[in-house]
Amino acid sequence: MREAIGNQTMDAQESFPEIREAVRRLCADFPGEYWQKLDRERAYPTQFVQALTKAGFLSVLIPEEFGGSGLGLQAACAVLEEIHRSGCNGGACHAQMYTMGTLLKHGSDEQKQRYLPAIASGEFRLQAFGVTEPGAGTDTTRIRTFARREGDHYVVSGQKIWISRAEHSDLMVLLCRTTPREEAAKPSDGMSVLLVDMREAVGNGLTIRPIRTMLNHATTELFFDELKVPAENLIGEEGKGFKYILSGMNAERVLIAAECIGDGRFFIDRASAYAKDREVFGRAIGENQGVQFPIARAYVQVAAAAEMVNKASRLFEEGHAGGTEANMAKMLASEASWAAADMCIQTHGGFGFAEEYDIERKFRETRLYQVAPISTNLILSHVATHVLGLPKSF
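About the criteria used
Residues numbered from 1 in each chain as written. Predicted model: local features only at pLDDT ≥ 70, side-chain atom pairs only at ≥ 80, totals over all residues. Heavy atoms only, no water. 1 Å grid on protein atoms, 1.4 Å probe; cavity = no way out; pocket = protein on both sides within 12 Å on 5 of 7 lines; lining within 4 Å. Points joined across faces, edges and corners; volume = space filled by probe spheres on them. Helix = DSSP H or I, 4+ residues; strand = E, 2+ residues; numbered from the N terminus. Nonpolar A, V, L, I, M, F, W, Y, C, P; charged D, E, K, R; others polar. Buried < 20%, exposed > 50% of the residue type's maximum accessible area, 1.4 Å probe, protein only. Contact = heavy atoms within 4.5 Å. Disulfide = S-S within 2.5 Å. Core = buried A, V, L, I, M, F, W, Y, C linked by side-chain atoms within 4.5 Å.

Novice: What exactly am I supposed to notice about the layout of surface pockets here?
Specialist: With a probe scaled to a water molecule rolled over the atoms, the places where space remains empty come into view. For the largest pocket, the calculated volume is near 1600 Å³. Together, 47 residues line the largest pocket, and Thr-138, Thr-140, Arg-253, Pro-373 and Ile-374 are the ones closest to its centre. Listing elements by their share of the lining of the largest pocket, those giving two or more residues are β1 (126-130), β3 (153-164), α10 (241-277), α12 (323-348), α13 (359-367) and α14 (376-387). Of all the elements, α10 adds the most residues to the lining of the largest pocket, at 7 residues. Among the residues forming the lining of the largest pocket, the class breakdown is 20 nonpolar, 19 polar and 8 charged.

Novice: So what exactly am I meant to see when it comes to the side chain of Gln-370 here?
Specialist: Within the secondary structure layout, Gln-370 lies in the loop between α13 and α14. Given the relative accessible area of 15%, Gln-370 is considered buried. Setting aside residues up to four positions removed in sequence, Gln-370 forms contacts with Lys-330, Ser-334, Glu-335, Trp-338, Ser-375 and Thr-376.

Novice: Is there a simple way to think about the state of the cysteines in this case?
Specialist: Linking two cysteines covalently via their sulfur atoms produces the bond known as a disulfide. Scanning all chains against the criterion turns up 0 disulfides. Unpaired in this structure, Cys-27 has its nearest cysteine sulfur neighbour in Cys-88, at a distance of 3.7 Å. A residue is classified by how much of its surface remains accessible, and Cys-27, at 3% relative accessible area, is buried.

Novice: Is there a simple way to think about the nonpolar core in this case?
Specialist: Soluble, globular proteins show a tendency: their nonpolar side chains are buried together. Counting residues in hydrophobic clusters, the biggest one holds 96 residues, and the most contacted among them are Phe-48, Ile-83, Met-97, Ile-119 and Val-309. Here this core takes 18 residues from α10, the largest share from any one element. When residues no more than four places from it in sequence are discounted, the contact partners of Ile-119 are Ile-62, Gln-96, Leu-103, Phe-124, Leu-126 and Leu-171. Core analysis: the second largest hydrophobic core is formed by 21 residues, Ala-128, Ala-166, Leu-206 and Leu-222 among them.

Here is the structure:
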């Protein structure tokens, strides 16, 4: 892949043109009919993920020394944006890009050498990120899944929910408590990160239960019952896991924001084309300002949100924490894509609800990002308290 990208500019709308073109060519092999069939069957897009892996698009953030492309977050954003603009769905595999960041930044040399090359090649899939729990939600400090040390193993018991791609991942980054919350110096202390081999865990203390949702997202609930995990699979130091996953969460939010930009542009492209071709009352509906203006407004909103995504990805690449910018990028992009989705449905009228147009599928897919990986209300709370200095409400 390194040979394919050449020297790229960093301009906002024309960044990484060769990567974008290569992604578009790949996605052309997976048209709407492919995704419609998967959606009906609630099936995983195995062939699509294999194609992305083979092309090197899922390993752009892995350093060259471990078999990746060694590129930055902006390049990864370009990949995911174009996947979504093409009508495909990167949600099936986007975690392969960012979940390994915890291992890359905080893992031992032996762990990196053992796992990263295999993740880059696709031999191992690291797509599961085990954080959320039924009783904690986005209040991560209240997770209860516990790992107790017994000799050369940790023994894990507890429950996780909304863990996507668990059935399609060889490895999982798992956040659990190793010290009870009430015994920790502060709520964010006492959590640790374990790398779980899913191939060995399932049936030996780990049970996976699929959750059927309004979109085909392969999400699950996990049950841990005395699951043994080798102590050598501890990433970093025991008790410091919360801060280890924060940078990964920021990357996740920026990358998903890029997907939302791609979704928004998909809806604008489809609405513009339909408005030019669809004739009612003897003329194209796109001649009517009542049709034009919502499309134009969606374009403006997506373009503005894209600038925030560019800023957040640039700050991340420069080594800044960028949590506020990552949150704002995710919020603005998800809201812009959702507004564009609603506009696109309205422009298409009844045809927007027809499966063959792909609008209703993408409409459902982009709605998710108002809620995940962090809800809009929590982003607003973060800005209110961390930026504006307002008192905490919880």
